[in-house]
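The lines below spell out each chain.
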Amino acid sequence: MKHAAMRIENFIEEVWVVCPHCSATGYIRWAFRGSAQLVCPTCSATRERKVNRWTYGIAFDPFFQLPLRLQTPLKMKTLWAYNPAHLAYLKAFLLDPKRDVAASFSSTVVERLPRWLLTTRRRELERAFARIERPK
């Protein structure tokens, strides 16, 4: 099955994080070339900042560096996703035995996946995805 070539920017408009105030699920919404806003529906915490550049590739959000809600240990590292759409994309790709990508440009999400994740056995991946998808 061919998987669409997606860039990380396709998944960071809304990032699920652990609220720094109450530890519930908070959401960071990013307006392209604008600002990022943290909103927690549980405790009503909000935070906003201008975004000139951002960092990704770790289990923290790219704007405030808060821990991601969707993460779990795997092979002494961390499997993480920014939101359910990102998680579904990773799951579909990593659990597909053929892993065929319809790449139309470089720097796609799957091209940047670490080797340790690509070589993880299917059974371990299935268990890791099940842990992440379990309600917190």
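Everything below is about the structure printed above this text.
If you're wondering where the values come from, they're calculated on a predicted model, not measured in any experiment.

For the protein chain, the count of helices and strands is 3 helices and 8 strands. Secondary structure of the protein chain in N-to-C order comes out as β-β-β-β-β-β-β-α-β-α-α. In terms of C-alpha radius of gyration, the protein chain reaches 15 Å, essentially the compact-globule figure of 14 Å for 136 residues. Overall, the protein chain is about 45 × 30 × 20 Å in size when its C-alpha atoms are taken along their principal axes. With 136 residues in all, the protein chain has 40% of them scored as buried. Residue pairs at least 24 apart in sequence account for 51% of intrachain contacts in the protein chain once pairs closer than 6 positions are excluded. As displayed, the protein chain has an accessible area near 8100 Å², and 51% of this comes from carbon and sulfur atoms. Positive and negative side-chain charges of the protein chain, numbering 23 and 11 respectively, have mean locations separated by a distance of 6 Å.

The next point concerns the packing of aromatic side chains. For the structure shown, the criterion picks out 4 aromatic pairs. Its end group placed over the ring of Phe64, Arg49 keeps NZ or CZ at 6.0 Å from the ring centre.

Right, let's get into the sheet that holds strand 4 (residues 35–39). Spatial strand order, 2-3-4-5: 4 strands in an open sheet with antiparallel pairing. A single partner strand is all that each edge strand has here, and the edge strands are strand 2 (14–18) and strand 5 (46–50). Pairwise comparison of adjacent strand axes, ignoring direction, gives a mean angle of 20° for this sheet. Examined bridge by bridge, strand 3 (residues 25–30) and strand 4 share 4 bridges and lie antiparallel to one another.

So, how was this worked out
- For every chain, the first residue of its written sequence is number 1, and the numbers climb from 1 along that sequence.
- Reporting of local features is limited, given that this is a predicted model, to residues whose pLDDT is at least 70; pairs of side-chain atoms are given and counted only at 80 or more, and all residues count toward the totals for whole chains, interfaces and linings.
- Processing note: side-chain calculations cover all non-hydrogen atoms of the structure and skip hydrogens and water entirely.
- A helix here means a DSSP run of H or I that spans at least four residues, while a strand means a run of E at least two residues long, and both kinds are numbered starting from the N terminus.
- For the radius of gyration, the atoms used are the C-alpha atoms, and the globule rule reads 2.2 Å times the number of residues raised to 0.38.
- Exposure classes here rest on a 1.4 Å probe applied to the protein chains alone. A residue is buried below 20% of its type maximum, exposed above 50%, and partly exposed in between.
- Every residue pair with non-hydrogen atoms within 4.5 Å of one another is taken to be in contact.
- Accessible surface is estimated by sampling points in the Shrake-Rupley manner with a 1.4 Å probe; for residues, cover comes only from the protein chains shown.
- The sign given to each residue is positive for Lys and Arg and negative for Asp and Glu; His and the chain ends receive no count.
- Charged groups are reduced to one reference atom each: NZ for lysine, CZ for arginine, CG for aspartic acid, CD for glutamic acid.
- Under the pairing criterion, centres of Phe, Tyr and Trp rings, with the six-membered ring standing for Trp, must be within 6.5 Å; the plane angle then separates stacked pairs below 30 degrees from edge-to-face pairs above 60, leaving the rest tilted.
- We call a charge positioned above a ring when the Lys NZ or Arg CZ atom is no farther than 6 Å from the ring centre and deviates by at most 35 degrees from the ring normal.
- Following DSSP output, two strands are said to pair if at least two bridges run between them.
- Between N-to-C directions, angles cover 0 to 180 degrees, with each direction set by a line fitted to C-alpha atoms, over the stretch in contact for helices.

Note that every value here comes from positions in space, so none of it alone points to a role or purpose.
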